[in-house]
Amino acid sequence: MNPGQQVEFHASCGHLISAPADRAGQAVRCPYCHQVATVPPPDVPYASPVPVPAGAAEPIVLTALYLTALIGGIVGAGLIYLVMFDEFSESELITVTPLWFFPVVFGLYGFVSQRLLRRIATGRARSLSEAARLTIDLAGHWAALVLFPFLVLKWRSSLLVSLAAAGFWAVLLWLFFNLLFPTL
């Protein structure tokens, strides 16, 4: 069994769903009816392994970049607000906000967009908006706010989507500080 193989099987609602072959015997939730189904072993006749398409995974370098940005942003925010908070004035805190905020946004959106693109590559979704809708169904309606750039953009590159999302949140952050708190 290859690590990237998928097992296709029918959920109780009749939809054909897939899961990684190494999750055989584990419970998964059907994205259509939300019922729990058990992943059958790959040797079951109706659950044959399906190889993941070659373009399914983006380069590992991008994943490392997203992880580094996310961890760096979280560590930066922790240092600023938990360790050095008393050393900064309010205006300095606003000035350093982008230093931790944008790496967090960039890394988070990079991971989310890779996951959405993987759903398309493995055949679990036909478009980014369908993949985003599946995520909203699983995570709840609050996820629509976070997924907003994916619902608008049709790009199939996690890097482009991450950069666009960082730009989107940069504009919102600028508006927040300039319209709501102009005195800072």
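Scanning the entire structure with this criterion turns up 8 aromatic pairs. With a centroid separation of 5.5 Å and an interplanar angle of 75 degrees, the aromatic rings of Phe-101 and Phe-102 are classed as edge-to-face. Ring pairing ties together the aromatic residues Tyr-81, Phe-85, Trp-100, Phe-101 and Phe-102, which thus form one cluster.

Below, the discussion takes up the nonpolar core. Core analysis: the biggest nonpolar cluster contains 15 residues, and Ile-80, Trp-100, Phe-101 and Val-105 have the highest contact counts within it. Where this core is concerned, the elements lending two or more residues are helix H1 (60-83), helix H2 (90-121) and helix H6 (158-180). Excluding its chain neighbours within four sequence positions, the residues that come into contact with Ile-80 are Phe-85, Phe-88, Leu-93, Val-96 and Trp-100. Formed by 10 residues, the second largest nonpolar core is a distinct cluster that contains Ile-17, Cys-30, Ala-37 and Val-39.

Looking at where Gln-114 falls in the secondary structure, it is placed in helix H2. Overall, the relative accessible area of 6% leaves Gln-114 in the buried class. Within the local environment of Gln-114, its side chain forms a polar contact with the side chain of Thr-63, the two groups lying 3.1 Å apart. Excluding residues that lie within four positions of it along the chain, Gln-114 makes contacts with Glu-58, Pro-59, Leu-62, Thr-63, Tyr-66 and Ser-158.

Here H6 contains 23 residues, and its C-alpha end-to-end distance of 32 Å stays within 8% of the 33 Å for a straight helix at 1.5 Å per residue. Turning to H6, its buried residues are Ser-158, Val-161, Ser-162, Ala-165, Ala-166, Leu-173 and Phe-177.

Bringing H2 into the picture now. The end-to-end C-alpha distance of H2, which contains 32 residues, comes to 46 Å, matching closely the 46 Å that a straight helix rising 1.5 Å per residue would cover. Largest kink in H2: about 35 degrees, centred on Val-96, with the proline Pro-98 one to four residues after it. Positive phi shows up at Gly-123, right after H2, with a value of about 85 degrees.

Next up on the list: the environment of Leu-99. Structurally, the position occupied by Leu-99 is in helix H2. You can call Leu-99 exposed: its relative accessible area is 63%. The sequence separation of Leu-99 and Gly-73 amounts to 26 residues, and the corresponding C-alpha distance is 7.2 Å.

Definitions and cut-offs
- Residues numbered from 1 in each chain as written.
- Predicted model: local features only at pLDDT ≥ 70, side-chain atom pairs only at ≥ 80, totals over all residues.
- Heavy atoms only, no water.
- Phe/Tyr/Trp six-rings, centres within 6.5 Å; stacked < 30°, edge-to-face > 60°.
- Core = buried A, V, L, I, M, F, W, Y, C linked by side-chain atoms within 4.5 Å.
- Buried < 20%, exposed > 50% of the residue type's maximum accessible area, 1.4 Å probe, protein only.
- Helix = DSSP H or I, 4+ residues; strand = E, 2+ residues; numbered from the N terminus.
- Contact = heavy atoms within 4.5 Å.
- Polar contact = N/O pair within 3.5 Å; in protein donor to acceptor, adjacent residues only side chain to side chain.
- Expected span 1.5 Å × (residues − 1).
- Bend = angle between axes of the 7 residues up to and from the residue.

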